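Topology and contacts: notes
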Amino acid sequence: MTPKFGRGRTIARGEDGFEAALLGTSFNAHDPGRRPALIVQANDEAEVLAAVAQARAAGLAIGICSGGHSWSQNHIRDGGMLLDMSRLDSIAIDAGNSTAIIGPGCLAGDLDAALAKQKLFFPVAHAYTVGMGGFLLQGGFGWNSRATGMACQSVIGIDVVLADGSLVHASETENPQLLWAARGAGPGFFGVVVRFHLKLRPRPRYVGMKAQVFRIRHLEAVMSWADRVGPDVAPFVEFQLVFNRKAMGIFAHGIEILTPVLADSHREARAAVAFIDNSPVRRLASFTLPLLPLSLGMMMKAGERTLFLPNTRWTADSMWMNTPIDPLLPALRRIADTQPGAPSHALWLNWNAPPSRPDMAFSLEARTYLALYGGLRGSTSTPRDESWATDHMRALQADSIGIQLADENLGRRPAAFMAPANLARLDALRAHHDPEGRFNPYMGRVA
Ligand SMILES: Cc1cc2nc3c(=O)[nH]c(=O)nc-3n(C[C@H](O)[C@H](O)[C@H](O)COP(=O)(O)OP(=O)(O)OC[C@H]3O[C@@H](n4cnc5c(N)ncnc54)[C@H](O)[C@@H]3O)c2cc1C
């Protein structure tokens, strides 16, 4: 993402600055080759209303971006209007009522920094520069989300411009079907959100992380152990395993165990990560770091300096799975063997979804999550590197129940992303609120 330079303007394809404005919307440095006819960089709500009216009058389809972190660059389509919401990035915190109203262009890290000053918390995304707009709409796997729920569960209202040009508020009691859809429709939402109303929580008193690193030759032993202990790991511990060709500390192909903890006390946090020190695979580890106090801001920035580098051509793909890990071990070994160089990485995440959630569009999750992030830099990549994430996820399709919209790759590999009944309800809402298809649909759907 390029920094936000001055006031936004409207730029037609062919005009000076169009290419820079378009590609500057995207965290992913890949050029998808798609080109809209027009970019509208909205400065405020009035300009959003004017842009939707203009698109209606001209019969243009609308693509929207806030932080531009869609791996698939969902907002960049051929033809139509691209509505860039990144300048609507306000943050207004009401500490007395534990609520906040934010613009969709507000960044995860900026919101967290503002909340930290008031000892408040919201489960923002794990990387500093992720836009809250797209993050909240797809569900939002934020910090501590296993304990606090999906971030969208803490969205208590939205202000949205619909296809008919009206600006409406939606909450549990007012237009509740729009709030239902905004909690999980992600890149298939049928309106422009200009504000999110959030419920805040007290900030956890202890934030830290424990890490352990293994050589990749121990993959089978480490993954089998992690899969076995995952269900017993406390919900306020994020238990993540990352395959990395330049693993932390060993600078060689390895598996990083990264366990951020957001707890009430250091003692509680230490007890919750003790399973790593006591594990049967600990003697295979190259090293183990003690539990270290770290701020969320530090962890967010560190992630973007190590795993999620900008100026990189990314392809991400993902799968939810309920199957035990044993039959998947050969596939995980193939993923590691063919993994391109850093910053490409594979993430295995212990999730163990709760038995039920409130009724909302977000409706697909499972025991474990596997995501591949192919990140290429320079011009030396091979076609196999380019399609590493997509190819391996396609090969594992039979073991998966679907994907996360956070890491969707629907344009290249359509897959299930919502429970069928929820998708049918979302389709009906879209047909009602956007009968002419003003807002771009998902880039791909399974039949
Ligand atoms: C480095 C990195 C780290 C990430 N970490 C996490 C994480 O920890 N947890 C997680 O859940 N996800 C994570 N993601 C995924 C991320 O949440 C999604 O890609 C999300 O869509 C990004 O939001 P955005 O506003 O930045 O993206 P955008 O690309 O701007 O938006 C994505 C899509 O959302 C829709 N949209 C955006 N804004 C609006 C709006 N105002 N009104 C209506 N529709 C809109 C559009 O369809 C758009 O194409 C990460 C992604 C990256 C690149």
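Residues numbered from 1 in each chain as written. Predicted model: local features only at pLDDT ≥ 70, side-chain atom pairs only at ≥ 80, totals over all residues. Heavy atoms only, no water.

Some words on the overall build of the protein
- Within the protein, the regular secondary structure consists of 14 helices and 18 strands.
- Against the globule reference of 22 Å for 447 residues, the protein gives a C-alpha radius of gyration of 21 Å, in line with a compact fold.
- Principal-axis analysis of the C-alpha atoms gives the protein an extent of 65 × 55 × 45 Å.
- With 447 residues in all, the protein has 58% of them scored as buried.
- Here the protein displays about 17,600 Å² of accessible surface, and carbon together with sulfur accounts for 54% of that area. (Helix = DSSP H or I, 4+ residues; strand = E, 2+ residues; numbered from the N terminus. Rg over C-alpha atoms; globule rule 2.2 N^0.38 Å. Buried < 20%, exposed > 50% of the residue type's maximum accessible area, 1.4 Å probe, protein only. Areas by Shrake-Rupley, 256 points an atom, 1.4 Å probe, with all protein chains shown as cover.)

So, unusual backbone geometry
- Following Ala-342, the chain continues to Pro-343 via a peptide bond in cis, the omega torsion being 15°.
- In this fold, Pro-343 is placed in the loop between helix H11 (329-338) and strand E17 (345-350).
- Of note, the phi angle at Lys-119 is positive, near 55°, even though the residue is not glycine.
- Secondary-structure assignment places Lys-119 in the loop between helix H3 (108-116) and strand E7 (120-121).

Some details on the site of the ligand
- Taken together, 29 residues sit near the ligand, with Ser-66, Gly-68, Asn-74, His-126 and Phe-141 positioned nearest.
- Within the side chain of Gln-138, a nitrogen or oxygen atom sits 2.9 Å from an oxygen atom of the ligand.
- Contact between the ligand and Val-193: a nitrogen atom at 3.0 Å from a main-chain N or O atom of the residue.
- In isolation the ligand offers 950 Å² of accessible surface; the protein chains occlude 95% of this area. (Near = heavy atom within 4 Å. Polar contact = N/O pair within 3.5 Å; in protein donor to acceptor, adjacent residues only side chain to side chain.)

Section: the environment of Ala-419
- Mapped onto the fold, Ala-419 is located in the loop between helix H13 (388-395) and helix H14 (420-433).
- The spacing of Ala-419 and Met-132 is 287 residues in sequence and 24 Å in space, taken between C-alpha atoms.

What to know about the domain arrangement of the protein
- Domain parsing of the protein yields domain 1 (10-84), domain 2 (91-203) and domain 3 (206-407).
- Counting residues at the interface gives 32 residues for domain 2 and 28 residues for domain 3.
- Together domain 2 and domain 3 conceal approximately 2,500 Å² of surface at their shared face, both sides included; 65% is due to carbon and sulfur atoms.
- Sorting the residues of domain 2 by area buried against domain 3 places Phe-141, Trp-143 and Arg-146 first, and these three jointly supply 34% of that buried surface. (Domains from an automatic or database assignment. Contact = heavy atoms within 4.5 Å. Buried area = accessible area lost by both parts, 1.4 Å probe.)

A word on the sheet that holds strand E14 (residues 254-263)
- Strand order in the open sheet formed by 7 strands is E15-E12-E14-E13-E17-E18-E16, with antiparallel pairing between adjacent strands. Here the strands that pair on one side only, and so sit at the sheet edges, are strand E15 (287-293) and strand E16 (313-321). Here the strands of the sheet are splayed against their neighbours by 15° on average, with no regard to which way each runs.
- Bridge analysis of E17 against strand E18 (residues 368-376) gives 6 bridges, and the strand direction is antiparallel. Bridging across to E18, Leu-349 finds its partner in Tyr-369.
- Taken strand by strand, H11 contacts strand E13 (240-244), E17 and E18, and its axis lies near 15° from that of E18. (Pairing = 2+ DSSP bridges. Axes fitted to C-alpha atoms, helices over the stretch in contact; angles between N-to-C directions.)

Structural notes on the pattern of salt bridges
- Scanning the model with the defined rule gives 19 salt bridges in all.
- Across the pair Arg-35 and Asp-31 runs a salt bridge whose closest N-O atoms are separated by 2.8 Å.
- The salt bridge involving Asp-84 is made with Arg-87; its shortest N-O contact spans 3.8 Å.
- Residue classification places Arg-87 among the buried residues on the basis of a relative accessible area of 17%. (Salt bridge = Lys/Arg side-chain N within 4 Å of Asp/Glu carboxyl O.)

So, the side chain of His-392
- Mapped onto the elements of the fold, His-392 is located in helix H13.
- The class of His-392 is buried, set by a relative accessible area of 16%.
- Side-chain polar atoms of His-392 contact the side chain of Thr-338, separated by 2.8 Å.
- Not counting residues within four places of it along the chain, the set of residues in contact with His-392 comprises Arg-334, Ile-335, Thr-338 and Leu-372.

Examining the sheet that holds strand E3 (residues 62-65)
- Reading across from one edge, E1-E2-E4-E3 is the order of the 4 strands in this open sheet, with mixed pairing throughout. Across the chains shown, the open sheet's two edge strands, defined by having one partner strand only, are strand E1 (10-12) and E3. Averaged over neighbouring strand pairs, the angle between their axes works out to 15° when direction is ignored.
- Summarising the sheet, E1 and strand E2 (residues 38-41) pair through 3 bridges and their orientation is antiparallel. Counterpart to Ile-11 in the pairing with E2 is Ile-39.

Regarding H3
- Listed in full, the buried residues belonging to H3 are Ala-108, Gly-109, Leu-111, Asp-112 and Leu-115. For H3, the buried positions fall inside an angular range of 160° around the axis, keeping them on one side.
- Where H3 is buried, its residues touch strand E5 (91-94), strand E6 (99-102), E7, helix H4 (132-137), strand E10 (192-199) and helix H10 (296-306). (Arc of directions from axis to C-beta.)

Let's talk about the packing of aromatic side chains
- As enumerated under the stated definition, the model contains 17 aromatic pairs in all.
- Seen from their ring centres, Trp-320 and Tyr-369 are 4.8 Å apart, and the 55° between their planes marks the pair as tilted. Here Trp-320, found in strand E16, pairs with Tyr-369, found in strand E18; they are 49 residues apart in sequence, far enough to count as distant. Each member of the pair, Trp-320 together with Tyr-369, is buried.
- Ring-pair connections join several aromatic residues into one group, and the members of that group are Phe-27, Trp-71, Phe-308, Trp-314 and Tyr-373.
- A cation over a ring is seen here: Arg-425 above Trp-180, with NZ or CZ 4.0 Å from the ring centre. (Phe/Tyr/Trp six-rings, centres within 6.5 Å; stacked < 30°, edge-to-face > 60°. Lys NZ or Arg CZ within 6 Å of the ring centre and 35° of its normal.)

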